[in-house]
Amino acid sequence: MPIEKFNQQWADSVRVMRCNGMELPEKYIMNLYLISLGPQYRSLEAVVAVIPPTKRTLTDVMKLAVDHTEAGVR
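Residues numbered from 1 in each chain as written. Predicted model: local features only at pLDDT ≥ 70, side-chain atom pairs only at ≥ 80, totals over all residues. Heavy atoms only, no water.

Enquirer: Please give an account of the overall build of the protein chain that cites residues and values.
Expert: Each helix and strand in the protein chain was counted, giving 4 helices and 0 strands. Starting at the N terminus and walking to the C terminus, you meet the elements of the protein chain as α-α-α-α. Relative to a compact globule of 74 residues, whose C-alpha radius of gyration would be 11 Å, the protein chain shows 12 Å and is just as compact. Structurally, the protein chain occupies a C-alpha span of about 35 × 30 × 20 Å along its principal axes. Here the protein chain holds 74 residues, and 28% of them are scored as buried. A separation threshold of at least 6 residues defines the contact pool for the protein chain, and within that pool the share at least 24 residues apart is 62%. Counting 9 positive and 8 negative side-chain charges, the protein chain places the averaged centre of each group 3 Å from the other. (Helix = DSSP H or I, 4+ residues; strand = E, 2+ residues; numbered from the N terminus. Rg over C-alpha atoms; globule rule 2.2 N^0.38 Å. Buried < 20%, exposed > 50% of the residue type's maximum accessible area, 1.4 Å probe, protein only. Contact = heavy atoms within 4.5 Å. Lys, Arg positive; Asp, Glu negative; His and termini not counted. Charge placed at Lys NZ, Arg CZ, Asp CG, Glu CD.)

Right, here's the structure in full:
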């Protein structure tokens, strides 16, 4: 599945959870997202670990995942 579609499904799932009162801490959601990407995105975890906390949002990390794919890094 293309990363853009994967990201959209993830964002939709988080939105549905929040609408149903299942609010999870942002850090937990971020870790679940990174784990769900699979082994080809392991280097992205290292990048996320060193970016400033203000840029460590699900939206920003999803953009990094798209950049990761477009750069051909796997």
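Enquirer: So what's going on with the packing of aromatic side chains? Residues and values would help.
Expert: Using the criterion set out here, one finds 2 aromatic pairs in the structure. Ring geometry for F6 against Y33: centres 6.1 Å apart, planes inclined by 40 degrees, an arrangement best described as tilted. With F6 in helix α1 (residues 3–19) and Y33 in helix α2 (residues 26–37), the pair connects residues that are 27 residues apart, well separated along the chain. Given the relative accessible area of 0%, Y33 is considered buried. Ring centres of W10 and Y33 lie 5.5 Å apart, and the angle between their planes is 85 degrees; on these two criteria the pair is classed as edge-to-face. Separated by 23 residues along the polypeptide, W10 in helix α1 and Y33 in helix α2 bring together distant segments of the chain. Exposure class is identical for W10 and Y33. Each is buried. Ring pairing ties together the aromatic residues F6, W10 and Y33, which thus form one cluster. (Phe/Tyr/Trp six-rings, centres within 6.5 Å; stacked < 30°, edge-to-face > 60°.)

Enquirer: Summarise the nonpolar core; cite the residues concerned and give the values.
Expert: The nonpolar side chains of a soluble globular protein tend to be buried, and buried together. Core analysis: the largest hydrophobic core is formed by 16 residues, its most contacted members being I3, Y33, L34, L37, L44, L58 and A65. Taken together, the elements giving at least two residues each to this core come down to α1, α2, α3 (42–50) and α4 (58–70). (Core = buried A, V, L, I, M, F, W, Y, C linked by side-chain atoms within 4.5 Å.)

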